[in-house]
Amino acid sequence: MSIMDYEVIKEKVRNVLQNGNYFENCGEISFDTKVGDLFNSITFIKFLVSLEQEFDIEFDDDDLTIDNIDDLNFVVERIYEMFQTAK
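Each chain has its residues counted from 1, following the order in which its sequence is written. For this predicted model, a pLDDT threshold of at least 70 governs which residues receive local features, and a threshold of 80 or more governs which side-chain atom pairs are given and counted, while totals over whole chains, interfaces and linings are taken from all residues. Derived side-chain values reflect all non-hydrogen atoms in the structure, with water molecules and hydrogen atoms excluded from consideration.

## Considering the nonpolar core
Okay, so step 1: Among buried residues, the Ala, Val, Leu, Ile, Met, Phe, Trp, Tyr and Cys ones that are joined through side-chain atoms within 4.5 Å form a nonpolar core. Exposed residues in this analysis have more than 50% of their type's maximum accessible area, buried residues have under 20%, and partly exposed residues fall in between, with area computed by a 1.4 Å probe over protein chains only. Membership of the largest hydrophobic core comes to 26 residues, with the highest contact counts inside it found for V13, F39, F47, L51, F55 and I79.
Okay, so step 2: Put simply, the parts of the chain that give this core at least two residues each are α1 (6-19), α2 (35-38), α3 (41-55) and α4 (72-85).
Okay, so step 3: The numbering of helices and of strands both runs from the N terminus, where a helix is a DSSP run of H or I of at least 4 residues and a strand a run of E of at least 2. Broken down by element, this core gets its largest block of residues, six residues, from α4.
Okay, so step 4: For this analysis, residues touch if any pair of their heavy atoms sits within 4.5 Å. Ignoring any residue separated from it by four or fewer positions in sequence, one finds F47 in contact with V13, V16, L17, Y22, F39, L72 and V75.

## Brief notes about unusual backbone geometry
Okay, so step 1: Positive phi, normally seen in glycine, also occurs at D56, with a value near 55°.
Okay, so step 2: Of note, D56 is situated in the loop between α3 and α4.

## Topic: the confidence of the model for the protein
Okay, so step 1: pLDDT measures the predictor's confidence residue by residue and takes values from 0 up to 100. On average, residues of the protein score 87 in pLDDT, and 90% of them are at 70 or above.
Okay, so step 2: For the protein, per-element mean pLDDT is lowest for α2, which scores 87, and highest for α3, which scores 93.

## Looking at the environment of L72
Okay, so step 1: Relative to the elements of secondary structure, L72 occurs in helix α4.
Okay, so step 2: With a relative accessible area of 0%, L72 lands in the buried category.
Okay, so step 3: Expressed as a C-alpha distance, the spacing of L72 and R14, which sit 58 residues apart in the sequence, is 9.5 Å.
Okay, so step 4: Contact partners of L72, with chain neighbours within four places excluded, come to L17, I29, S30, F31, T33, V35, L38, F39 and F47.

## With respect to α3
The α-helix advances 3.6 residues per turn, and as a result positions three or four apart in sequence lie on the same side.
Okay, so step 1: If you check α3, its first and last C-alpha atoms are 21 Å apart, about what 15 residues at 1.5 Å a residue would give, namely 21 Å.
Okay, so step 2: Listed as buried for α3 are F44, F47, L48, L51 and F55. Along α3, the residues classed as buried sweep out an arc of 95° about the axis, all on the same side. Exposed residues lying more than 90 degrees from the buried face of α3 are I42, K46 and Q53. Here the expected length of a helix is defined as 1.5 Å per residue gap, with one fewer gap than residues. Of all possible arcs, the one meant is that of the directions from the helix axis to the C-beta atoms.

Next up, the structure:
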């Protein structure tokens, strides 16, 4: 796994949101938005699975619970950390 720039990760996460049809106006979603305000538990897992496929990563079991993820920035940070530790 190569190191990936934080902003590149953020853009890819936005693309997954847009392509997954989770919301009608994804472009207007702030990464500061609480995950619990965006997803129910089923769509959240689908979103994480899509991210795992996009980035070829695997989230820890603790990350699979909507209550353990604060906002979309946290998701981006977790992915960024995975790429940093994989050097």
